[in-house]
Amino acid sequence: SAVISQKPSRDICQRGTSLTIQCQVDSQVTMMFWYRQQPGQSLTLIATANQGSEATYESGFVIDKFPISRPNLTFSTLTVSNMSPEDSSIYLCSVGYRGQEEKLFFGSGTQLSVL
Amino acid sequence: QKEVEQNSGPLSVPEGAIASLNCTYSDRGSQSFFWYRQYSGKSPELIMSIYSNGDKEDGRFTAQLNKASQYVSLLIRDSQPSDSATYLCAVWRDTGRRALTFGSGTRLQVQP
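In this text, all values refer to a predicted model and were calculated from it rather than measured experimentally.

Participant: Provide a residue-level description of the sheet that holds strand 1 (residues 4-6) of chain B, including the pertinent values.
Facilitator: Two strands in a sheet stick together by hydrogen bonds in their backbones, pointing the same way (parallel) or opposite ways (antiparallel). Residues and elements named next belong to chain B. Spatial ordering of the open sheet is given by 1-3-8-7-6, a layout of five strands whose pairing is antiparallel. Of all strands in the sheet, those bounded by a partner on one side alone are strand 1 and strand 6 (54-58). The average undirected angle you get between the axes of adjacent strands in this sheet is 20°. Bridge analysis of strand 6 against strand 7 (residues 61-66) gives five bridges, and the strand direction is antiparallel. For Glu-57, the partnering residue across the bridge sits in strand 7 and is Thr-62.

What follows is the structure, encoded as structure tokens:
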């Protein structure tokens, strides 16, 4: 499996501000996803990051709130915009390789607290 | 109905025993199934994948799949305290928006 670096690892933010989370993979991957894990909960898919085009969002998540970029096959960003305390969560980048796209590997996560 | 369902636990077993974790899924067309282990404060780690009906063994872990019953299980033999974690069942969504859907996880506690 590749090395998946996610930054920042944690942050404390004020209500109304935005935070951009970066995900860098050390080799090219086919699929990149962003998940959210709220305290004590399982993983919920936010969106699929598509290389060179707009991300595909799951029901309940919108681009204005969670803009995503994926300029190439190794890098993606997720921005959490106009944050509220309800956005406090762990955000996880995950990747799947060509031929085994369904086997996802996860970055170390970003723990976000919104005050 | 949730796409992937698990008993949240905690499931408590003594050291050396067999831990049995269960999962059901709703999409009869699903073909790919996974078990992830997540330690507290860490990200999920893939431990098993299974695609065909029957059993698949890897060390102390055995994954079992029954597509007719839409049921996946994970057996951990000779359970160790280091196996204490949350185990997440995941199903690959092949149609429409391809992605991995997770169950809520079962917390396993192995008592020394």
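Next comes the rest of the description.
Participant: How would you explain the sheet that holds strand 7 (residues 68-72) of chain A if you had to name every residue and give the values?
Facilitator: Residue and element names in this part refer to chain A. Taken together, the four strands give an open sheet; going across it, the order is 1-3-8-7, and neighbouring strands pair in antiparallel fashion. Every other strand in the sheet has two partners, leaving strand 1 (4-7) and strand 7 as the edge strands with one partner each. The mean inter-strand angle of the sheet, taken between neighbouring strand axes irrespective of direction, is 15°. For strand 1 and strand 3 (residues 19-25), the ladder comprises four bridges, and the chain directions are antiparallel. From the neighbouring strand, Ser-5 faces strand 3, where its bridge partner is Gln-24.

Participant: Now, about the interface of chain B and chain A: what can you tell me, with residues and values included?
Facilitator: At the junction of the two partners, chain B supplies 19 residues and chain A supplies 21 residues. Where Glu-58 of chain A meets Arg-93 of chain B, a salt bridge forms, and the shortest distance between an N and an O atom there is 3.1 Å. Linking chain B with chain A are seven residue pairs in polar contact (both at pLDDT 80 or more), by the criterion used here. For the side of chain B that touches chain A, the secondary-structure elements that each account for two or more residues are strand 4 (33-38), strand 5 (45-50), strand 9 (85-93) and strand 10 (99-102) of chain B. Class assignment for the residues of the side of chain B that touches chain A results in 10 nonpolar, six polar and three charged.

Participant: Go over the pairing of strand 5 of chain B, please, and point to the residues and values.
Facilitator: All names here are of chain B. In this structure, strand 4 lies alongside strand 5, joined through five bridges in antiparallel fashion. When the sheet's bridge partners are listed, Trp-35 is paired in strand 5 with Met-48. The hairpin turn running from strand 4 into strand 5, its antiparallel successor, is six residues long, and Gly-41 in that turn takes a positive phi close to 80°.

Rules behind the numbers
- Residues numbered from 1 in each chain as written.
- Chains lettered and ligands numbered in written order.
- Predicted model: local features only at pLDDT ≥ 70, side-chain atom pairs only at ≥ 80, totals over all residues.
- Heavy atoms only, no water.
- Pairing = 2+ DSSP bridges.
- Helix = DSSP H or I, 4+ residues; strand = E, 2+ residues; numbered from the N terminus.
- Axes fitted to C-alpha atoms, helices over the stretch in contact; angles between N-to-C directions.
- Contact = heavy atoms within 4.5 Å.
- Salt bridge = Lys/Arg side-chain N within 4 Å of Asp/Glu carboxyl O.
- Polar contact = N/O pair within 3.5 Å; in protein donor to acceptor, adjacent residues only side chain to side chain.
- Nonpolar A, V, L, I, M, F, W, Y, C, P; charged D, E, K, R; others polar.

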